[in-house]
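# Structural overview for review
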Amino acid sequence: MLAQYADIPAGVSAATVPAPFEVVSKCQDTPDTYTFELRGRSGHALQFLPGQCTMLSRGGSGEVPISISGDPDEPERLWHTVRSLGLRTAAICASEPGDVLGVRGPWGQPWPVEYLEGSDVVIAAGGIGLAPLRSAILWLLARRQRYGRLVLLYGARTPDQLVYADQLRAWQERGLEVLVTVDSAGPEWLGNVGVVTKLARRAALDAPRTAVLCCGPEVMMRFMVDTLLRLGVGTERIHVSMERNMQCGIGHCGHCQLGPTLICKDGPVYRWSKIQPWINVKEL
Amino acid sequence: MQALDELISASPVFGGMQEKHLKLIADCGRPVEVDADKYLFHAAGVADTFWLIRTGTIALELHGAGRGAVVIETLHDGEVVGWSWLFAPYRLQFDGRATEPCSLVAFDAARLRAKCDEDHELGYQLMQRFASYMAVALMATRMQLLDVYGDARAVR
Amino acid sequence: MAAEQVIERSDLEQLFEALVRRGYAIVGPVARDGAIVYDEIRNSEQLPAGWTDDQQPGSYRLQRRDDQALFGYGVGPHSLKRHLLPMQQLLWRARLRDDGELTDLEGPPEVPKIAFLGARSCDLHGRRVLEHVLLGAASVDPGDTARSQRLFVIAVQCGQAGANCFCASMGTGPAVTGGYDIVLTEVLDRERHYFVAAAGTRQGADVLCDVTSVPAGEVELAAAAAVPARAAAQITRSLDTDGIKELLYRNIEHPRWDEVAQRCLACANCTMVCPTCFCTTIEDTTDLTVTVVERHQRWDSCFTVDYSYMNAAAVRPSVRSRYRQWMTHKLSTWFDQFGSSGCVGCGRCITWCPVGIDITEETAAIRQSEKESHASA
C-alpha cells in the first residue's frame, strides 16, 4: 500500500508526492549512520515486505532511496537507517524527534522470505548492508519454527562500523546464530578479526539445505557469493540486494537500469543466477 | 587425550595426508595450554615453533608507535598458526595473543624441517598444504586491503 | 476507416480554422535558425513552403526546392516527444512548514489541447514506443495521460528519404499505416497542388467534415500511393535487426566500444533528439525563504556523468560505458524492459551527432567482426 499524502489535487501524480512521517526517535549507530523510527502523520501504517525501500526526503533537500529496516509485523513503526554521505542524507540525518520526513513507497521486489520454509537460511551482511536485512531477520524470527538453522554472517570494516550491535544478543536468544567479524580492530575488541567470507566456512553449512540473503557493498557481495558457491550453495538459492542511482521509484525515469533490468521494479532483490551475468560487467 | 595424529588429521590443513606422514608430524608435536590475554609468541622472535589450535582463539597483532595494537586476524579451532617457520630467516611477523584460554599443539619447526629434508615426499605434501593455506590467507588479506565495505570515497 | 478525400492547397487553411475552433493550439513545421523546427503556427502561410533538407551524419542543411511543396523535407530535431514528455515540468508545489511537513499542495497547469501537424511514420512509431513506457509505468502520471489524450495528430506521408533514414529496416516506415487522427499525402505536379486526406479516428473525421473536399478518384489515389513508394526507393541506410538483442549482449566488452568512445563527445544531442529517449530527473527546489518547495521533472541523459551517480561516485565514469549504455538500451535491453526495440529508424541521432556517429554502422561493425572471428576460428 502506497504511503498517501491526503488530498492530492487533480493533475498531480500521487506517486510523486511524499507522505509525512514524523521522527519518533533517533539513535546513532556509527559516526555517520543514524537509525530513525518514524510514524505516519496521515494515520496510515506503511505495509511492506522485507527488502522493500522508500524514497526518503527532508523538506526540499531531495530524495534518496533507503531500505526499510523495520519489523514487517509492526508496520505502524517505520524504521530507516541512513548513512550521511551527501547533501540529501546529511539533511535527513540532521533531523530530530518531532521533525517530519517525506516518504514515498514502498517499492521493489522483497526478500523471498515466504518461500524459504524448511531451509537453513544464511543472512550475509556487510557494513550498513545489515539494514535491509533487519526486516527479513525479524520476519524469520517471528516464524522461527518454519525454518532450519538461521545464521547471521556479519562483517564490517572496524567495530565502530557495526550497526544494530545492541540487538544481536536479543536475536541470538530468539534462535539466530550470530557470527560477526571486522577487518581490523584494537585489542579491546573481543570478537573475530578477518574477512567476512571466512565466516561462511566457519558456519559449517549444509549447502543443499541452504538459502542465502546477502546485502552489502557490491564488492563484498561478490566475494561472499563466490565463497558460498564454492561451498556448494546453488546460484538459484542466493539472493542479493542491488543498488543504483534511483530517482522516481516507479520505472519512469530510467536511472536505475542495470543491463536489462530496472532495479526499482525488478529489484532491488535478485536471485544471483539472474543478476550474475550483469554484475561482473565493469561500469555497466 | 586424543592421539596427536588423529587430532592433526582432523584439521583442514593436514587432512588427507598419509598415515606415515601424519606420524612424522605428530612426532614433532606436543600439547600446550595458554591462558587468556597471554602472548603465545612475539614479532621478531625466532620461528622455531608453529601451532595447531585445538580450542580457543589466537589474535594476530601488530604494535605501532602511537597506534597501539591492531588486530589483523583472529584464528580459531582447527586453524594452523604461522608459516614463517618454512622460510629463512625464520622470523615471526606478528604477535600472537590468546583472547581466551587456548589448548594447542606446538610443533618443533626445526625438527620438522629436518624430516622434510630427509623425506621429500613429506616435504612436498606439507608445502602443498601450507601453500594452499597461505593462498587463502593472501586472498583474505587482499580483501581486507581492498576494503570491501568501502565506497569510492574511501578508495580516493 | 473513412474514404480518402482530396483537399486543394487553397482550401488547406480551413483545416487550421477547424482545429482552432475546436480549441487546439496548432504545432507545425517552420523554417527557423537554419532548420525545420516545430512551433505554434496559426495558418498555412507559416509552413516552410519550398524548403527541403540535406541530412548527413553530423550535418543538416536547409536547401531551396524548385517547387512550393509544404512538406518536402524529412524530420528535424523535434519530434512528438516534447508534447508527450515536456522538457521541463512542474510536478507539484507545496508550502513547507517548520517541522518539514508539506501543505497546500498545488499541481501543474492544465494540459493544453495540441494539434500536431506534420508527424511522419517514424514519429508515430516513436509515440507508440514512448507511450508504452510512460503509460505502462507502475504509477501513471495523470499529466502523461492527459497529454496523450489531448494530442491530435495530423500525419504526413514522406515523399522523400534523407540519407540518414532507416525506418524501412526497422519496420516503421516510410509509409504511414496507423496511429493518426488525419493523414495527408501531398501531391504536387506542374498542374495541381492538393492533399489526399484520410481520417483515422472519429475526431479526425469530424475535423475533416469542416474542410472543403471531394472524394479521391483513381488518379489521385495512384498519385498518393506513389509518394511513400518514392521515399522507400530513396532509402539507403539500414539496420540489420536479426538477433540484435543477443548480438549486443554477447559483445558487451567488444573493442568497438573503445573505438566509438574516442569519437563520442558525450554531448547528449542524440538523447535529446531521439523520439523515444525518456529519461528524466527529479529535482526539488526551494525558494529563498525555504517555505515553498517545488518538484520538477526535466529531461536527463545517460550521457552525463552524474546520471549514474551513486554513493559519491559515478558508476559509469567513462564515455565508453555511457555510449555503450545508450546504444545497448536503445537496441537491446529495451526488448527485455518493454517488449520492443527502442529505435524507430528516424536517423535523427546520426544527423545531430556533432561527429556523425551512426548506430547502424556501429552495429554493423560489431556484427561483422563476429563473423570474421568465427570464420578465422
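Cut-offs and rules
Residues numbered from 1 in each chain as written. Chains lettered and ligands numbered in written order. Predicted model: local features only at pLDDT ≥ 70, side-chain atom pairs only at ≥ 80, totals over all residues. Helix = DSSP H or I, 4+ residues; strand = E, 2+ residues; numbered from the N terminus. Buried ≥ 20, exposed ≤ 12 C-beta atoms within 10 Å, placed from the backbone. Contact = placed C-beta atoms within 7 Å. Rg over C-alpha atoms; globule rule 2.2 N^0.38 Å. Nonpolar A, V, L, I, M, F, W, Y, C, P; charged D, E, K, R; others polar. Pairing = 2+ DSSP bridges. Axes fitted to C-alpha atoms, helices over the stretch in contact; angles between N-to-C directions. Domains from an automatic or database assignment. pLDDT = per-residue confidence, 0-100. Core = buried A, V, L, I, M, F, W, Y, C linked by C-beta atoms within 7 Å. Right-handed = clockwise from strand over helix to strand, strands pointing away. Arc of directions from axis to C-beta. Bend = angle between axes of the 7 residues up to and from the residue.

### Topic: the overall build of chain C
On a plain count of helices and strands, chain C comes out with 13 helices and 16 strands. For chain C, the C-alpha atoms occupy an extent of roughly 70 × 65 × 35 Å along the three principal directions. When the 377 residues of chain C are sorted by exposure, 46% land in the buried category. Look at the contacts in chain C between residues 6 or more apart in sequence, and 71% of them connect residues 24 or more apart.

### Some words on the overall build of chain B
The helix and strand tally for chain B stands at 5 helices and 8 strands. Reading the helices (α) and strands (β) of chain B from amino to carboxyl end gives α-α-β-β-β-β-β-β-β-β-α-α-α. Taken over the C-alpha trace, chain B has a radius of gyration of 17 Å; the compact-globule value for 156 residues is 15 Å, and the two agree within 12%. With the C-alpha coordinates of chain B rotated into their principal frame, the extents come out at 55 × 30 × 30 Å. Within chain B, the fraction of its 156 residues that count as buried is 31%. Counting only contacts in chain B whose residues sit at least 6 apart along the sequence, the fraction spanning at least 24 positions is 72%.

### Comments concerning the environment of Gln337(C)
Take Gln337(C): it is sitting in helix α11 (residues 319–338). Residue Gln337(C) is classed as buried on the basis of its 20 C-beta neighbours within 10 Å. As for Gln337(C) and Val133(C), which are separated by 204 residues in sequence, their C-alpha atoms are 9.1 Å apart. Each residue touching Gln337(C), except ones within four places of it in the same chain, is listed here: Pro260(A) and Leu262(A).

### Digging into unusual backbone geometry
For the bond from Gly267(A) to Pro268(A), the omega torsion is 5°, close enough to zero to count as cis. Examined against the element boundaries, Pro268(A) turns out to sit in the loop between α6 (263–266) and β15 (269–271). Residue Pro174(C) follows Gly173(C) across a cis peptide bond; omega there is 5°. Not every positive phi belongs to a glycine, and Ala44(B) is a case in point at roughly 80°. Within the fold, Ala44(B) resides in the loop between β2 (39–41) and β3 (49–55). Of note in the backbone geometry, Asp147(B) takes a positive phi value of approximately 55° without being a glycine. Mapping Asp147(B) onto the fold places it in the loop between α4 (120–146) and α5 (152–155). In this structure Asp147(B) comes out as partly exposed when scored by C-beta crowding, with 17 C-beta atoms within 10 Å.

### Brief notes about the interface of chain C and chain A
Contacts between the two partners involve 45 residues from chain C, matched on the other side by 44 residues from chain A. When residues of the side of chain C that touches chain A are traced back to their parent elements, those giving at least two are β6 (88–96), β7 (102–106), α4 (142–149), β13 (280–286), β14 (292–299), β15 (309–310) and α11 of chain C. Along the lines of polarity and charge, the residues of the side of chain C that touches chain A split into 21 nonpolar, 15 polar and 9 charged.

### A closer look at the sheet that holds strand β10 (residues 192–193) of chain A
All names here are of chain A. What the 7 strands build is an open sheet, ordered β10-β9-β8-β7-β11-β12-β15; its pairing is mixed. At either margin of the open sheet sits one strand with a lone partner, and together these are β10 and β15. Here 2 bridges tie strand β9 (residues 177–182) to β10, and the two strands are oriented parallel to one another. Across the sheet, the residue bridging to Val-182 is Val-193, located in β10. Packing against the sheet, helix α2 (residues 130–142) makes contact with β7 (120–126), β8 (150–156), β11 (210–215) and β12 (238–241), and its axis sits at approximately 155° to β7.

### Brief notes about the domain arrangement of chain C
Residues and elements named next belong to chain C. Domain parsing of chain C yields domain 1 (5–234) and domain 2 (244–376). The distance between the C-alpha centroids of domain 1 and domain 2 comes to 26 Å. Residue-level contacts link 39 residues of domain 1 with 34 residues of domain 2. A class-by-class count of the residues in the side of domain 1 that touches domain 2 yields 22 nonpolar, 13 polar and 4 charged.

### Quick look at the confidence of the model for chain C
Chain-level statistics for chain C give a pLDDT mean of 96 and a share of 99% at 70 or above. Taken over the whole predicted complex, pTM reads 0.90, whereas the ipTM for its chain interfaces reads 0.91.

### Observations concerning the nonpolar core
Core analysis: the biggest nonpolar cluster contains 120 residues, and Ala115(C), Phe116(C), Ile154(C), Ala155(C), Tyr180(C) and Ile182(C) have the highest contact counts within it. For Ile154(C), the residues in contact, after removing those within four places along its chain, are Ala115(C), Phe116(C), Leu117(C), Tyr180(C), Asp181(C), Ile182(C) and Leu184(C). Counting 88 residues, the second-largest nonpolar core is a separate cluster that includes Leu138(A), Val163(A), Leu40(B) and Leu60(B).

### Remarks on the interface of chain B and chain A
In this assembly, 20 residues from chain B lie in contact with 24 residues from chain A. For the side of chain B that touches chain A, the secondary structure elements donating two or more residues are β4 (58–64), β5 (68–75) and α4 of chain B. Looking at the side of chain B that touches chain A, the element that brings in the most residues is β5(B), giving 7 residues. By residue class, the composition of the side of chain B that touches chain A is 10 nonpolar, 6 polar and 4 charged.

### Remarks on the pairing of β7(A)
Residue and element names in this part refer to chain A. Where burial is concerned, most of β7 is hidden: 7 out of the 7 residues are buried. Side chains Asp-120, Val-122, Ala-124 and Gly-126 project from β7 onto one buried face, and the interleaved Val-121, Ile-123 and Ala-125 project onto a second face that is buried too. The pairing of β7 with β11 spans 6 bridges and is classified as parallel. The residue bridging Ala-125 from the neighbouring strand is Cys-215, located in β11. As paired elements, β7 and β8 share 6 bridges and run parallel to each other. Looking across to β8, one finds that Ala-125 is bridged to Tyr-154. What joins β7 to β8 is α2, and the crossover it makes is right-handed.

### Comments concerning helix α1 (residues 13–21) of chain C
Residue and element names in this part refer to chain C. Among the residues making up α1, those that are buried are Leu-15, Phe-16 and Leu-19. For α1, the angular spread of buried residues about the axis comes to 100°, placing them on one side. For α1, the elements touching its buried residues are β2 (25–32), β8 (114–119) and α6 (202–209). Residue Gly-23 follows α1 closely and has a positive phi angle near 85°.

### Notes on α11(C)
An α-helix turns once per 3.6 residues; consequently, residues spaced three or four apart project the same way. Residues and elements named next belong to chain C. Along α11, the helix axis deviates most sharply at His-329, where the bend reaches about 60°. Counting buried positions along α11 gives 14 out of 20 residues, so the element sits mostly inside the fold. Two residues or fewer past α11, Gly-339 is found with a positive phi of approximately 85°.

### Overview of the sheet that holds strand β8 (residues 102–108) of chain B
All names here are of chain B. Pairing is antiparallel across the open sheet formed by 4 strands, whose spatial order is β1-β8-β3-β6. With one partner strand each, in any of the chains shown, β1 (29–34) and β6 (80–81) form the two edges of the open sheet. Summarising the sheet, β3 and β8 pair through 6 bridges and their orientation is antiparallel. Counterpart to Thr-49 in the pairing with β8 is Asp-108. Against the sheet, helix α3 (residues 109–118) touches β3 and β8, its axis set at about 45° to β8.

### Regarding the environment of Gln172(A)
Along the chain, Gln172(A) turns up in helix α3 (residues 168–173). Each C-alpha atom, one on Gln172(A) and one on Gly249(A), is 35 Å from the other, the two residues being 77 residues apart in sequence.

### Re the pairing of strand β1 (residues 5–8) of chain C
If a strand is regular, its side chains alternate between the two faces of the sheet. All names here are of chain C. In the sheet, β1 pairs with strand β11 (residues 193–199) via 4 bridges, with the strands oriented antiparallel. Paired with Glu-8 across the strands is Tyr-194, a residue of β11. In this structure, β1 lies alongside strand β12 (residues 214–215), joined through 2 bridges in antiparallel fashion. Each residue of the ladder has a partner; that of Val-6, found in β12, is Val-214.

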